[in-house]
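# Summary of structural features
So the chains spell out like this:
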Amino acid sequence: MRIINLSIIIAASVWSMVLANQSSASTQQAANDDRMIQIKKIYLVNESGGPQTFDRLRREFSKWRRFEIVASRENADALVVLNISQLDLVRRAGKTAGPRSREHDKLTLKLLEARTNALLWSDSQTVHWSNSRVIASMVHRLKEQIDKRIIKSP
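Presented here is an overview of the structure given in this document. (Residues numbered from 1 in each chain as written. Predicted model: local features only at pLDDT ≥ 70, side-chain atom pairs only at ≥ 80, totals over all residues. Heavy atoms only, no water.)

## Comments concerning the pattern of salt bridges
Heads up, the rule is: Counted as salt bridges are all cases of a side-chain nitrogen of Lys or Arg within 4 Å of a carboxyl oxygen of Asp or Glu. Note on classification: 1.4 Å probe, protein chains only; a residue is buried when its accessible area is under 20% of the maximum for its type, exposed when over 50%, partly exposed between these limits.
Following the criterion strictly, the structure yields four salt bridges and no others. Measuring nitrogen to oxygen at the nearest pair gives 3.7 Å for the salt bridge that ties Arg115 to Glu113. For Arg115, a relative accessible area of 72% translates into the label exposed. For Glu113, a relative accessible area of 10% gives the class buried. We note a salt bridge from Asp123 to Arg141, for which the minimum N-O separation is 2.5 Å.

Below is the structure:
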C-alpha cells in the first residue's frame, strides 16, 4: 500500500513540474509575441560574408515595408542577422563524397531584440545556391509568424 501511495505522490510531483514548465514556456512565448509585434525599426547584420546575399535580404525587407531599416544598431528595435555556414559533405564508406564547395551551405536568419540580443525568431535552411528564392522564402516565413502573432494578440 505504501509503495502505491509513494508512486502516486511521485507521479503527481512530476506532473506538476511538467505543467509549471509548460506555463513558463507559454508565458515566454507570449512575451516574444508582444515584442515581435512592437518592432518598428530593424538593423540588418551581415554575417554571411557575401554582399550579394545580403543585398537580397535588404531587398526582401524593403519590399515587405513593415519595418524601417535603420543605419545603426542604436536606433533599432531589433536586429536581423544573416549567417551562412558551410556544411561538410556527406561521408560515404569512410571517404568524403567530394571537395568542400559553396554550393551547399546552411543559411540562418535570426530576429534578435536589439537591447538584450534575446532571440525572438530563427529559421535555418540548407541552401543550394542555384535557388535564388531562399532568402525570399525565409523572409516570407517571418512574415507569416508575425501575422499569426498579430491575429492572436488582443
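## Things to note about the packing of helix α2 (residues 51–64) against helix α3 (residues 134–152)
Our working rule: Lines fitted to the C-alpha atoms define the axes, with helices restricted to the stretch that makes contact. Angles between their N-to-C directions range from 0 to 180 degrees. Starting at the N terminus, helices and strands are each numbered in turn, a helix being any DSSP run of H or I of at least four residues and a strand any DSSP run of E of at least two. In this scheme, a crossing is called left-handed if the near helix is turned counterclockwise away from the far one by less than a right angle; it is called right-handed if the turn is clockwise. Whether two residues are in contact is decided by their heavy atoms: any pair within 4.5 Å suffices. Put simply, Ala, Val, Leu, Ile, Met, Phe, Trp, Tyr, Cys and Pro go in the nonpolar bin, Asp, Glu, Lys and Arg in the charged bin, and everything else, Gly too, in the polar bin.
Contact geometry of α2 with α3 gives a least axis separation of 9 Å together with a crossing angle of 35°. With respect to the hand of their crossing, α2 and α3 are arranged in right-handed fashion. Residues Thr53, Arg56, Leu57, Glu60, Phe61 and Trp64 of α2 form the contact with α3, whose participating residues are Ile135, Ala136, Val139, Leu142, Lys143 and Ile146. Looking at the contact of α2 with α3 residue by residue, the classes come out as eight nonpolar, one polar and three charged.

## Quick look at unusual backbone geometry
Unusually for a residue other than glycine, Arg65 sits at a positive phi of about 65°. Relative to the elements of secondary structure, Arg65 occurs in the loop between α2 and β2 (68–69). In this structure, Asn117 takes a positive phi of about 65° despite not being glycine. Among the structural elements, Asn117 can be located in the loop between β6 (104–113) and β7 (119–128). Residue classification places Asn117 among the partly exposed positions, given a relative accessible area of 42%.

## Quick look at the nonpolar core
Quick reminder of the rule: Within this scheme, the nonpolar core is defined by two criteria: the residues are buried Ala, Val, Leu, Ile, Met, Phe, Trp, Tyr or Cys, and they are joined through side-chain atoms within 4.5 Å.
By size, the foremost hydrophobic cluster in this structure holds 25 residues, and its most contacted members are Leu57, Phe61 and Leu111. If you list the elements that add at least two residues to this core, you get β1 (41–47), α2, β3 (78–86), β6, β7 and α3. The greatest single-element share of this core, amounting to six residues, is contributed by α3. In contact with Phe61, other than residues within four places in its own chain, are Ile42, Leu44, Phe67, Ile69, Val80, Val139 and Leu142.

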